[in-house]
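Reading the structure
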Amino acid sequence: MSLFDLTIRNVKRNFRLYSIYLMSMIIGVIIQYTFSSLMYNKDIIDALQNRELFQTGVAIASVVIFLFIIFFILYANSFFMRQRKKEFGMYLLYGLNERQLVRMIFYETLVMGAISLVVGILLGGLLSKLFGMLLMNLMQYDQVISLSFPIGAMATAAGVILLIALIVSAQSYILVNRVQLTELFHAKQKAEKPVRVSPVMAVLAVLLIGIALFLICSGQYSAVWQDYGVFSLIATAIGIVGGTYLFFRQFAGWLLQLISRGRKYHEGNTVLWTSSLRFQIRGNTLNLTFISLFSAVIVMLLCFVTINYKVQFEAVGRNVPNSIAYESLDSATNQKIDEMIKGSDHDIHYHLKPEALVVEPVTERGIAFDNPEYYVPGLWLISQKDYNELIGLRGDKQKVELKGMEAVALSQGSDFPKRYSAGETPDFKVKAVGEKTFTIVEKKDYAYLGWATDPVLSMDKKPPVFVISDEAYGQLSGGTEKKGFEIYGLSDAKNAEELSKQVHGMVVDHNQAAYYSSFADIYSKQIESSSLLLFAAGFLALIATFALASVIYFKQLREATDERLQYAILRKMGIHNRQFRSVIRKQLLFVFLPPIVLGMLYSWTIIKYYILDSVTDFPELPGIVWSIIGVFFFIYLVFYVSSANLYYRIINQNP
């Protein structure tokens, strides 16, 4: 009988055992094919404005996803190989050498890989259409996505399977080469020792976690972060990492020890599930610590990109509020541009021609603008009348009423907007017909003109704008340099990329340094990039969650296999199946629940106090964050129920 024939017989004879490993490979192929096929989908590529950015982003995300798939499958393979150590020992005893054994494993992996490839591509093709539609929906594009099976995506999936087969073979060769024959027969009989626990270390675990949460909840603007930022960061990191490790290493063991000393310890099935857990603490500590910390990171990443996506739609309008705005040129060029816009598919809602006084600031601009280096030099003064007219057309509640030398600084994107009370208003001097001093009554997070943009290079710098009273504007307008502007409000401004390119070309040809800004220049780039980031992060979070949950899942299945003999003895002692199910549920709940609860607690507190508190204008965001956390809990619940059922089936098999 050849090695290949032996491989086929092994797969047929042990299909139940192989099915767990096969399912892992199928899931890996589905995920890899579904994501990579998006990069080759012609319908998606045709709909995008920034194709190169999309393909680069998908390629990078595919590599990260591939690494998680490798981790997921290798962990599944380690469980699979452990269950077959006695079988490998028999093969070696009957004359097969290590190389023949590894070749057999390689053939097995190829056979299962071929099955996974066919099933994964078929299911992945259907899912790629679904996820393609989801991606277009995120980008708000009305693009029909057809069902397709790109050759490039299939070749990538086949390459992944071949690479997995090679890595698994190398892993198997190391395992077989390093382990003695007698160890293969007795591999499952090695028992872990219970960890020595200390009440002091258990209390320290809770104390470290409590300190970390206290520092996080104090907020980024508190004294501990403003005055002792580095120290607070180090203390928080130590509290979370060290506290989590000690929680699973000491606090969990101490809690189980307390339960074992209780009066009702020997009543019911408490003694059964607690005694087993006490012996598992040593082997589970690092796994559960890693799962808690990494799940917190994954949830924070997903929540951050989701919040970024939700905020981005309004943020684009805040950063670039005008459909098209540019510095006035000569009358002939302005007329040509106006005719071009009127001849486009975009109706003109309004066309304003305001002016601004150009002055030199004497006072440091940092008083009026956050991060003044992001603004063009100088200072532009807009009259209250022109400002309120445009704000009225926009429908924004940002109108101002000023008198005398009062001014409002439009500090677009400010983290600290402020309306000054009487006695706190700062003075701001400018050079305009001599020196003039304005009183800043408000620093407003709002844009009149918005960032200067370019259809290719995206955003450049912001204009530094003061809104001043009509009275002050009239006094200064006589001998002060002026800039005129053409501001258009258009229908369907987000799809005006081609029109923007034409208008921008005419403006730049006439005056290279002229101000130009267009909503369409930023919208497609920002929305497509944030949508792709959310899509990739969601995909990555889903895979990472499955990978992390599988760490617990396969660890418990290994322990179930090792404990079959003990459960067989208990069955002979009269323990019923109902009690076994209860013991398994409680034991696995103690393993599955704490890491996900700790991870979600860390992620929620950080998101709440460092992200949500900064975007209070979006009341729907907390609900979105809780929904993401709920999905993570649901995935872990599915793994918990699945592993409990499979654990029960394993212990009912003959040891």
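Heads up: these notes are all about the structure in this document.

1. Quick look at the overall build of the protein chain
- What the protein chain contains, in helices and strands, is 20 helices and 13 strands.
- For the protein chain, the residues scored as buried account for 52% of the 655 residues in total.
- Sequence-distant contacts in the protein chain: of pairs separated by 6 or more residues, those separated by 24 or more amount to 84%.
- Only carbon and sulfur atoms are counted for the fraction: they give 60% of the accessible area of the protein chain, which is about 30900 Å².

2. What about the packing of helix α18 (residues 564-572) against helix α19 (residues 577-610)?
- Across the interface, α18 lies against α19 with an axial gap of 11 Å and an inter-helix angle of 140 degrees. In the crossing of α18 with α19, the sense of the turn from one axis to the other is right-handed. Two secondary-structure elements touch here, α18 through Tyr567, Leu570 and Arg571 and α19 through Asn577, Phe580, Val583, Ile584 and Gln587.
- Counted by class, the contact of α18 with α19 contains five nonpolar, two polar and one charged residues.

3. What about a nonpolar patch on the surface?
- Judged by side-chain polarity, Ile115, Val118, Val119, Leu122, Leu123, Leu126, Leu147 and Phe149 come together as a nonpolar surface patch covering roughly 670 Å² of accessible area.
- By secondary structure assignment, the location of Leu123 is in helix α6 (residues 98-138).
- Overall, the relative accessible area of 39% leaves Leu123 in the partly exposed class.

4. Structural notes on the packing of α18 against helix α20 (residues 621-651)
- It is at 9 Å that the axes of α18 and α20 come closest, and there the two elements cross at 70 degrees. In this view, α18 runs roughly perpendicular relative to α20, as classed from their interaxial angle. Residues Arg564, Tyr567 and Arg571 of α18 form the contact with α20, whose own contacting residues are Tyr647, Ile650 and Ile651.
- Residue classes in the contact of α18 with α20 are distributed as four nonpolar, no polar and two charged.

5. With respect to the side chain of Asp338
- Checked against the element boundaries, Asp338 lands in helix α13 (residues 331-342).
- Those residues in contact with Asp338 that lie beyond four places of it in its chain are His351 and Tyr488.

6. Looking at the pattern of salt bridges
- Tallied over the entire structure, the rule returns nine salt bridges.
- Put simply, Asp370 and Lys443 hold a salt bridge, and the shortest N to O gap is 3.0 Å. In this pair, Asp370 is assigned in the loop between β3 (355-361) and β4 (379-383) and Lys443 in strand β8 (residues 435-444), connecting sequence segments 73 residues apart.
- Judged by relative accessible area, Asp370 falls into the buried class, the value being 16%.
- For Lys444, the salt bridge goes to Glu442, with nearest N and O atoms at 3.2 Å.
- Residue classification places Lys444 among the buried residues on the basis of a relative accessible area of 7%.
- One salt-bridge network, held together by shared partners, links Arg419, Glu442 and Lys444.

7. A few points about helix α16 (residues 497-510)
- If you check α16, its first and last C-alpha atoms are 20 Å apart, about what 14 residues at 1.5 Å a residue would give, namely 20 Å.
- Turning to α16, its buried residues number three or more, namely Glu497, Leu499, Ser500, Val503, His504 and Val507. Taken down its axis, α16 places every buried residue within 150 degrees of arc, on the same side.

8. Focus on the pairing of strand β11 (residues 465-468)
- Neither face of β11 is left uncovered, since the one carrying Val465 and Val467 and the one carrying Phe466 and Ile468 both have all their residues buried.
- Bridge count between strand β5 (residues 406-410) and β11: three bridges; the pairing is antiparallel. Counterpart to Ala407 in the pairing with β11 is Ile468.

9. With respect to the packing of aromatic side chains
- Here the structure, examined in full by the defined rule, presents 17 aromatic pairs.
- Relative to Trp254, the ring of Phe251 has its centre 5.9 Å away and its plane inclined at 50 degrees; by these criteria the two rings are tilted. Of this pair, Phe251 and Trp254 are both found in helix α11 (residues 229-260), three residues apart, which corresponds to roughly one turn of the helix.
- Given a relative accessible area of 18%, Phe251 falls into the buried group.
- Ring geometry for Phe369 versus Tyr375: centroids 4.8 Å apart, planes at 40 degrees, classification tilted. Judged on exposure class, the residue Phe369 and its partner Tyr375 are both buried.
- Members of the aromatic cluster, each reached through a chain of ring pairs, are Phe247, Phe248, Phe251 and Trp254.
- One Lys or Arg, Lys608, reaches over the ring of Tyr609 and ends 4.9 Å from the middle of that ring.

10. Description of α18
- Three or more residues of α18 are buried, namely Arg564, Tyr567, Ala568 and Leu570. Seen from one end, α18 has its buried residues packed into an arc of 160 degrees, which puts them on one side.
- Just downstream of α18, Gly574 is the residue with a positive phi angle, here 105 degrees.

11. Here's the deal with unusual backbone geometry
- For Asn371, which is not glycine, the phi torsion reads 50 degrees and is therefore positive.
- Considering the arrangement of structural elements, one finds Asn371 in the loop between β3 and β4.
- Non-glycine residue Asp492 carries a positive phi angle of around 50 degrees.
- Of note, Asp492 is situated in the loop between β12 (482-490) and α16.

12. Some thoughts on the pairing of β8
- Pairing of β5 with β8 involves five bridges; the strand directions are parallel. Paired with Leu410 across the two strands is Lys444, which belongs to β8.
- Where strand β6 (residues 418-419) meets β8, two bridges bridge the pair, whose relative direction is antiparallel. Within the sheet, the bridge partner assigned to Lys418 lies in β8 and is Lys443.
- Pairing between strand β7 (residues 427-431) and β8: five bridges, direction antiparallel. Considered in β8, the bridge of Asp427 is made with Thr439.

13. Structural notes on the environment of Ser411
- Structurally, Ser411 can be placed in the loop between β5 and β6.
- Placed 42 residues apart in sequence, Ser411 and Phe369 show a C-alpha to C-alpha distance of 4.9 Å.
- In this structure, Ser411 is in contact with Ala368, Phe369, Asp370, Tyr375, Lys443, Lys444, Asp445 and Tyr446, ignoring residues within four places of it in sequence.
- A polar atom in the side chain of Ser411 sits 3.2 Å from the backbone nitrogen of Asp370.

Definitions and cut-offs
- Residues numbered from 1 in each chain as written.
- Predicted model: local features only at pLDDT ≥ 70, side-chain atom pairs only at ≥ 80, totals over all residues.
- Heavy atoms only, no water.
- Helix = DSSP H or I, 4+ residues; strand = E, 2+ residues; numbered from the N terminus.
- Buried < 20%, exposed > 50% of the residue type's maximum accessible area, 1.4 Å probe, protein only.
- Contact = heavy atoms within 4.5 Å.
- Areas by Shrake-Rupley, 256 points an atom, 1.4 Å probe, with all protein chains shown as cover.
- Axes fitted to C-alpha atoms, helices over the stretch in contact; angles between N-to-C directions.
- Left-handed = near helix turned anticlockwise from the far one by under 90°.
- Nonpolar A, V, L, I, M, F, W, Y, C, P; charged D, E, K, R; others polar.
- Patch = residues over 30% accessible without salt bridge, like charges linked within 9 Å, V, L, I, M, F, W, Y side chains within 5 Å.
- Salt bridge = Lys/Arg side-chain N within 4 Å of Asp/Glu carboxyl O.
- Parallel < 35°, antiparallel > 145°, perpendicular 65-115°, else oblique.
- Expected span 1.5 Å × (residues − 1).
- Arc of directions from axis to C-beta.
- Pairing = 2+ DSSP bridges.
- Phe/Tyr/Trp six-rings, centres within 6.5 Å; stacked < 30°, edge-to-face > 60°.
- Lys NZ or Arg CZ within 6 Å of the ring centre and 35° of its normal.
- Polar contact = N/O pair within 3.5 Å; in protein donor to acceptor, adjacent residues only side chain to side chain.

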